[in-house]
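Summary of the model geometry
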Amino acid sequence: MKYSLRKTPSHLHLTYKYGEANGGLLGRNLSLEVDGDVLTLEIDVSANLLARNKQSPWYLDAIGLASNFHKLKSLQCPDNLVRARLIRAWEGVASPRLRMRLVLSPRGAYLYEVSPHSLFMGGIQLDVQAFLEEESDTGALSSEASSLPEADPHRKHA
């Protein structure tokens, strides 16, 4: 069964391993899918790629996620509504396991096994335990790049 946690944008703070730069994204359509004892939090971060200004922090952080998805260490969501709804669902399941899917269309959808931590000032932090490569869709970027024709530098534009 799938539950909507929040449809409007919520700020997300990403942290990467190995001292990589931290990123901030807007997540939309946060939903929770419950399948037995497995809870999957799905967050759509695709809208960050639609920025007109390709130098905006949202766009650059989305590109950073697309190239460093396997290095993600944690994600923080300071939204108390998401936290409250997630805790309520967590308490309703015996021995729950939590996974997180970040949807970054058309670049892919990345699935992680995570452990939640309630933050003192509100919100929730999800620490990545493992990247679930076999259940993630990471091939969209490589197939998208290979299907684009190379530009001819000598060609004149009308």
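Scope of this entry: the structure provided in the associated data block. (Residues numbered from 1 in each chain as written. Predicted model: local features only at pLDDT ≥ 70, side-chain atom pairs only at ≥ 80, totals over all residues. Heavy atoms only, no water.)

**A short note on the overall build of the protein**
In terms of regular secondary structure, the protein is built from three helices and eight strands. Traced from its N-terminal end to its C-terminal end, the protein shows the element sequence β-β-β-β-α-β-α-β-β-β-α. By the burial criterion, 40% of the 158 residues in the protein qualify as buried. Sequence separation of 24 or more characterises 62% of the internal contacts of the protein that already satisfy a separation of 6 or more. As displayed, the protein offers around 9300 Å² of accessible surface, 52% of which is attributable to carbon and sulfur atoms. (Helix = DSSP H or I, 4+ residues; strand = E, 2+ residues; numbered from the N terminus. Buried < 20%, exposed > 50% of the residue type's maximum accessible area, 1.4 Å probe, protein only. Contact = heavy atoms within 4.5 Å. Areas by Shrake-Rupley, 256 points an atom, 1.4 Å probe, with all protein chains shown as cover.)

**Remarks on the environment of L25**
Examined against the element boundaries, L25 turns out to sit in strand 3 (residues 23-35). Sequence spacing of L25 and L60 is 35 residues, and the spatial spacing of their C-alpha atoms is 9.4 Å. Those residues in contact with L25, other than ones at most four positions away along the chain, are S10, H11, L12, L14, V45, N48, W58, D61, A62 and L65.

**Describing the pairing of strand 5 (residues 72-77)**
Where strand 2 (residues 10-16) and strand 5 come together, four bridges link them in antiparallel fashion. Among the inter-strand pairings, H13 is bridged to a residue of strand 5, identified as Q76. Taken together, the four bridges between strand 5 and strand 8 (residues 124-131) define a ladder with antiparallel strand orientation. Along strand 8, the bridge assignment pairs S74 with D127. (Pairing = 2+ DSSP bridges.)

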